[in-house]
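Read off the chains here:
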Amino acid sequence: MLVIAAGAYELTPIKRHFRRRCREAPASGLRFGLACAGSSIGLMAMLVALDVMSLFWMSVVAILTCAQKLLPPKPAIDVPLALAVIGLGLVIVTAPSLIPGLISPAM
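This report concerns the structure included in the present document. (Residues numbered from 1 in each chain as written. Predicted model: local features only at pLDDT ≥ 70, side-chain atom pairs only at ≥ 80, totals over all residues. Heavy atoms only, no water.)

Things to note about the overall build of the protein
- Scanning the protein from terminus to terminus reveals five helices and zero strands.
- Counted from the first residue to the last, the protein has its helices and strands arranged as α-α-α-α-α.
- Contacts spanning at least 24 positions in sequence make up 64% of the contacts within the protein whose residues lie at least 6 apart.
- Here the protein displays about 6700 Å² of accessible surface, and carbon together with sulfur accounts for 76% of that area.
- Once the 9 positive and 4 negative side-chain charges of the protein are each reduced to a mean point, those two points are 10 Å apart. (Helix = DSSP H or I, 4+ residues; strand = E, 2+ residues; numbered from the N terminus. Contact = heavy atoms within 4.5 Å. Areas by Shrake-Rupley, 256 points an atom, 1.4 Å probe, with all protein chains shown as cover. Lys, Arg positive; Asp, Glu negative; His and termini not counted. Charge placed at Lys NZ, Arg CZ, Asp CG, Glu CD.)

Take a look at the structure:
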């Protein structure tokens, strides 16, 4: 459910506000840091559900976070990303064994 919530957060106006603020010139370190954390908190929360120590999922989230920080916000990219995250969450809920690294293989 956490991954679905993270995908839904990607579609919210507050996410867009934080992302816009994170791309601006920093007025203060604290405000800039809070804006950037708010911009990527949904993706970071996904790591809790996807195994925090998984190098694969850490890499995926790092790439997505960097892309969101560096690329201009475009609904043509952001909406499909959010829908993909929601879809991933639905797969985790319905068939978790399909997600690589989420469940250890049976011995």
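Concerning the state of the cysteines
- In total, this model carries one disulfide according to the counting rule given.
- No disulfide involves Cys66; its sulfur sits 11 Å from the nearest other cysteine sulfur, which is in Cys22.
- Taking the relative accessible area as the measure of exposure, Cys66 reaches 45% and is therefore partly exposed. (Disulfide = S-S within 2.5 Å. Buried < 20%, exposed > 50% of the residue type's maximum accessible area, 1.4 Å probe, protein only.)

Describing helix α5 (residues 75-94)
- In this model, α5 (20 residues) spans 28 Å end to end at C-alpha, consistent with the 28 Å of a helix rising 1.5 Å per residue.
- The set of residues buried in α5 consists of Asp78, Leu81, Ala82, Val85, Ile86, Leu88, Gly89 and Ile92. The buried residues of α5 occupy one face: seen down the axis, they fall within an arc of 150 degrees. The outward face of α5, more than 90 degrees from its buried face, is lined by the exposed residues Pro75, Ala76, Leu83 and Thr94.
- Tucked into the core, α5 has its buried residues touching α1 (2-9), α2 (13-23), α3 (29-49) and α4 (55-70). (Expected span 1.5 Å × (residues − 1). Arc of directions from axis to C-beta.)

Examining a nonpolar patch on the surface
- Taken together, the side chains of Leu2, Val48, Val52 and Met53 present a nonpolar region at the surface, about 400 Å² in accessible area.
- Secondary-structure assignment places Val52 in the loop between α3 and α4.
- Owing to a relative accessible area of 43%, Val52 belongs among the partly exposed residues under this scheme. (Patch = residues over 30% accessible without salt bridge, like charges linked within 9 Å, V, L, I, M, F, W, Y side chains within 5 Å. Salt bridge = Lys/Arg side-chain N within 4 Å of Asp/Glu carboxyl O.)

Section: the packing of α2 against α4
- One way to put it is that α2 packs onto α4 with a least axis distance of 9 Å and a crossing angle of 70 degrees. Of the possible angle classes, the one that applies to α2 and α4 is roughly perpendicular. Together, Lys15, Arg19, Cys22 and Arg23 of α2 and Ala67, Gln68, Lys69 and Leu70 of α4 make up the contact between the two elements.
- Taken together, the residues of the contact of α2 with α4 break down into three nonpolar, one polar and four charged. (Axes fitted to C-alpha atoms, helices over the stretch in contact; angles between N-to-C directions. Parallel < 35°, antiparallel > 145°, perpendicular 65-115°, else oblique. Nonpolar A, V, L, I, M, F, W, Y, C, P; charged D, E, K, R; others polar.)

Remarks on α1
- Looking only at α1, the buried set comprises Val3, Ile4, Ala6, Gly7 and Tyr9.
- Buried positions along α1 lie against α2, α3 and α5.

Side note on the layout of surface pockets
- Of the volumes computed, that of the largest pocket is approximately 170 Å³.
- Every residue along the wall of the largest pocket is listed here: Glu10, Leu11, Lys15, Arg16, Arg19, Arg20, Pro73, Pro75, Asp78 and Val79.
- Of all elements in the fold, only α2 and α5 reach the threshold of two or more residues within the lining of the largest pocket.
- Sort the elements by how many residues they give to the lining of the largest pocket and α2 lands first, with four residues.
- Its residues assigned to classes, the lining of the largest pocket comprises four nonpolar, no polar and six charged. (1 Å grid on protein atoms, 1.4 Å probe; cavity = no way out; pocket = protein on both sides within 12 Å on 5 of 7 lines; lining within 4 Å. Points joined across faces, edges and corners; volume = space filled by probe spheres on them.)

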